[in-house]
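Understanding the architecture of this molecule
Here is what each chain is made of, one letter per residue.
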Amino acid sequence: MAFENKFIQQRIEKAKLLKEAGFNPYSNESNRNTTIEKYLNVNSDIAEKENQRDENRHYCVSGRIKLLRIMGKASFLKIEDESGMLQVYVARDNLPEDFYNTIFKKNIEVGDIVEVNGYPFVTGKGELSIHATDFKLLTKAIAPLPEKFHGVTDKEIRYRKRYLDLIMNADVRKTFKIRSKVISLTRRFFEDKGFLEVETPMMHPIAGGANAKPFVTHHNALGIDRFLRIAPERYLKRLIVGGFEAVFEINRNFRNEGMDATHNPEFTSIEFYWAYKTYKDLIEITKEYFKYLFEHLNLPTVLPYGELEINFDNFTEVPLIKSLTTVGGVPAEVVNDKEKIVEFLKSKNLTVKPGMNLGQLQGELFDEFVEEKLVDPTFITEYPVEISPLARRSDDNPAITERFELFIAGREIANAFSELNDPVDQYERFKGQVDAKDAGDDEAHEMDEDFIDALSYGMAPAAGQGIGMDRLVMLLTNEHSIRDVLLFPAMKPVHNEEKTAEEE
RNA sequence: GUCUUGUUAGCUCAGCUGGUAGAGCACGUCACUUUUAAUGAUGUGGCCGAUGGUUCGAAUCCAUCACAGGACACCA
């Protein structure tokens, strides 16, 4: 049964009393004419005025009561709107007769959303406030807010009831404002570069574009299963075939995998594809993009991240093989020799899956010894072809691909390459994937004949990149769990006992 | 998936080697017209995550389960 909590009962009773007294506890007649932030700015001169007040200025502000101090015939409260917090001074004798004693003191409390008319003044302790000449309840909160000093810190409550987290924690609001700005700036950056924003299907007949398990849904009208997309890649490339030369999409991807500090089943990425460009151009535009973000977010280029300090002015490029020795400290004679790598990994007590090829082993070395050491932004380039099934081979060296991944604070932030546009080569690689799938790799790609068909008409040489927006926001806001940058992170449902009661 | 820690009042947390539950805030009542987590007095408030077990007796010990946090594994 809802509302059985005694505090809620008490407050429902107050709402009823207000109604009986002629005050609508859920009024929608709001007369607000300024935000708290504007109020504080416009009236910052009050301290210099005579008596530190100006009764000729009139404002109407609204907000939620966060603190309430009743002191006999006068009270102080702090109300908060989206823009900020304001102290309100309410005195019995400045309000209609009896209102203060019978309505305000008895039925107004922390959590309620109120409207205050009044004039600006500065208190004895020097705080710019509003002196109430009229006071009105807009919305009665029947659930009590968490404790005023500690707030709500329980992560489970914070994630499940994000609204409560947002009411109580200003820094959480700030994080999500930054997230919103990052998305908006990203959009603007690419638009200004001449990219076209597009929307491609979220429901795919064939899941592809990444190695991941998809969510499955069903289309009743057609009687067929659909897969929530794991990446938009193949549709964006079809658009390059169609003649759009620069496209991007900022949207959700869905992967049916585990959840942890850096994985949520749905996450946001930007993918962009750029005709007549190579991965080298992508390195340049990525640097520009970061510079643009930092300038427009007014962030210093050196940012703390937990124990680390990241210098976003210090982008470097290192070929993967070279990074193994220079960053990872792997002996030079080891890195290009299959047997020696296996021996080396074993000497470090690391298990090696049998049958790994040289490229895969080099990838192992990278994951074990290099990745976590890359703090400042580093483009790792020249990936072995064996671990880059979608990237174009280097013309100079067929063993490596024209690809990079960008690492910051030991994490992959972006993945990019010059795109494979040879339809026959692509067909062969899909076939290899299909064989792997038949052999039991349930994350291997499926044959996508429609995509091969598209490539057959000729896709201009192009380069494409994906950036994980959630992880990027984590870096910029010094957050260490993806749940702290998602407004409503995925949570297991709490067992609902009410159901069984209702069924009886 | 494995390991590990947690779950006690609306919130933040105590609760020793088992003896039927405590604080602060919030809420009720009283006092107080310049407070800053206001203050002082006083009172209400709990199926101690769920289910079993051990015991004369369980918030406490044991087992299972649920949810959450952390680490690792897997995955990009």
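Reading the values: the criteria
- Residue positions are given per chain, counted from 1 along the sequence in the order it is written.
- Chains and ligands are labelled by the order in which they are written, letters from A for the one and numbers from 1 for the other.
- Only residues with pLDDT of at least 70 are given local features in this predicted model, and only at 80 or more are side-chain atom pairs given and counted; all residues enter the totals for whole chains, interfaces and linings.
- Hydrogen atoms and water are omitted, and side-chain values are computed over all heavy atoms in the structure.
- Proximity is defined per residue: any heavy atom of the residue falling within 4 Å of a molecule or strand makes that residue near it.
- Any pair of N or O atoms that falls within 3.5 Å is considered a polar contact. Within protein, one atom must be able to donate a hydrogen and the other to accept it, and sequence-neighbouring residues count only if both atoms are side-chain atoms.
- Numbering of helices and strands runs from the N terminus, with a helix taken as a DSSP run of H or I at least four residues long and a strand as a DSSP run of E at least two residues long.
- Residues are grouped as follows: Ala, Val, Leu, Ile, Met, Phe, Trp, Tyr, Cys and Pro are nonpolar; Asp, Glu, Lys and Arg are charged; every other residue, Gly included, is polar.
- A pair of strands is treated as paired once DSSP finds two or more bridges between them.
- Contacts: residue pairs with any heavy atoms within 4.5 Å of one another.
- Axis lines are fitted through C-alpha atoms, for helices just across the contact stretch, and the angle between N-to-C directions can take any value from 0 to 180 degrees.
- We call Phe, Tyr and Trp rings a pair once their centres come within 6.5 Å, taking the six-membered ring for Trp, and we label the pair stacked below 30 degrees between planes, edge-to-face above 60, and tilted otherwise.
- Note on criteria: charge over ring means Lys NZ or Arg CZ within 6 Å of the ring centre, with the direction from the centre no more than 35 degrees off the ring normal.
- What makes a salt bridge here is a side-chain nitrogen of Lys or Arg within 4 Å of a carboxyl oxygen of Asp or Glu, nothing more.
- Throughout this description, buried means an accessible area under 20% of the type-specific maximum (1.4 Å probe, protein chains only), exposed means over 50%, and partly exposed covers the range between.
- Multiplying 1.5 Å by the residue count of a helix minus one yields the expected span of that helix.
- It is the directions from the helix axis to the C-beta atoms whose arc is reported.

Lining the immediate environment of RNA strand B, one finds 53 residues, of which K6, Q10, D93, K125 and R255 sit closest. Measuring from a sugar or linking oxygen of RNA strand B, one finds a backbone N or O atom of E147 at 3.3 Å. Listing elements by their share of the surface near RNA strand B, those giving two or more residues are α1 (6–20), β1 (59–71), β2 (74–81), β3 (84–91) and α4 (155–160). Here the surface near RNA strand B takes five residues from α4, the largest share from any one element. Looking at side-chain class alone, the surface near RNA strand B contains 15 nonpolar, 11 polar and 27 charged residues.

Read across the sheet, eight strands follow the order β6-β10-β11-β18-β17-β16-β15-β14 without closing on themselves; strand pairing throughout is mixed. Sheet topology places β6 (196–197) and β14 (316–319) at the edges, where each strand pairs with a single neighbour. Sheet topology places strand β16 (residues 403–408) next to strand β17 (residues 411–418); six bridges connect them, and they run antiparallel. Within β17, the position partnered with I408 by the bridge is R411. With respect to the sheet, helix α6 (residues 170–192) is in contact with β6, β10 (246–254) and β11 (266–275), its orientation differing from that of β10 by roughly 150 degrees. Lying on the sheet, helix α8 (residues 279–297) is in contact with β11, β14, β15 (378–381), β16, β17 and β18 (462–468); it crosses β16 at an angle near 25 degrees.

With the rule as written, the count across this model stands at 25 aromatic pairs. Positioned over the ring face of W274 is K277, at 4.9 Å from the centre of the ring. If you follow R403 out to its NZ or CZ, it ends over the ring of Y383, 4.2 Å from the centre.

A few words now on the pattern of salt bridges. Where charged atoms from two side chains of opposite charge come close, those side chains can pair. Enumeration over the complete set of coordinates arrives at 32 salt bridges. For the salt bridge of R229 with E249, the shortest nitrogen-to-oxygen distance reads 3.0 Å. On the criterion of sequence distance, the pair formed by R229 in the loop between β9 (224–228) and α7 (233–241) and E249 in strand β10 is long-range, its members being 20 residues apart. Note on R229: relative accessible area 1%, which makes it buried. A relative accessible area of 1% places E249 in the buried class. Across the pair D450 and R238 runs a salt bridge whose closest N-O atoms are separated by 2.8 Å. Within this pair, whereas D450 is found in helix α13 (residues 449–456), its partner R238 is found in helix α7, the two being separated by 212 residues in sequence. When its relative accessible area of 48% is taken as the criterion, D450 is described as partly exposed.

Let's shift gears to helix α12 (residues 423–438). With 16 residues, α12 extends 22 Å from end C-alpha to end C-alpha; this agrees with the ideal 22 Å at 1.5 Å per step. Inspection of α12 places Q426, R429, F430 and Q433 among the buried residues, and these make up the whole buried set. Down the axis of α12, the smallest arc covering the buried residues is 105 degrees, so these residues share one side. Residues of α12 that are exposed and point more than 90 degrees away from the buried face comprise V424, D435 and D438. Two to three positions downstream of the cap, the backbone nitrogen of V424 sits 2.9 Å from a side-chain oxygen, assigning the N-cap of α12 to D422.

Here we come to the sheet that holds β9. Strand order in the open sheet formed by three strands is β7-β9-β8, with antiparallel pairing between adjacent strands. Edge positions in the sheet fall to β7 (203–204) and β8 (216–219), since each of these pairs with one other strand and no more.

Glancing now at unusual backbone geometry. Residue N298 is not a glycine yet carries a positive backbone phi of 55 degrees. The topology assignment puts N298 in the loop between α8 and β12 (302–305). The exposed category is assigned to N298, whose relative accessible area is 69%. Of note in the backbone geometry, N478 takes a positive phi value of approximately 60 degrees without being a glycine. Note that N478 resides in the loop between α14 (469–477) and α15 (498–503). The exposure class assigned to N478 is partly exposed, which follows from its relative accessible area of 31%.

Consecutive residues of a regular strand have side chains that alternate between opposite faces of the sheet. By the criterion of burial, β18 is predominantly enclosed, with seven of the seven residues buried. Neither face of β18 is open: one carries A462, G464, G466 and G468, the other A463, Q465 and I467, and all of them are buried. Pairing of β11 with β18, which is carried by seven bridges, proceeds in the antiparallel orientation. Across the sheet, residue E271 finds its bridge partner in β18, namely G466. Note: β17 against β18, five bridges, orientation antiparallel. Paired with F417 across the strands is G464, a residue of β18.

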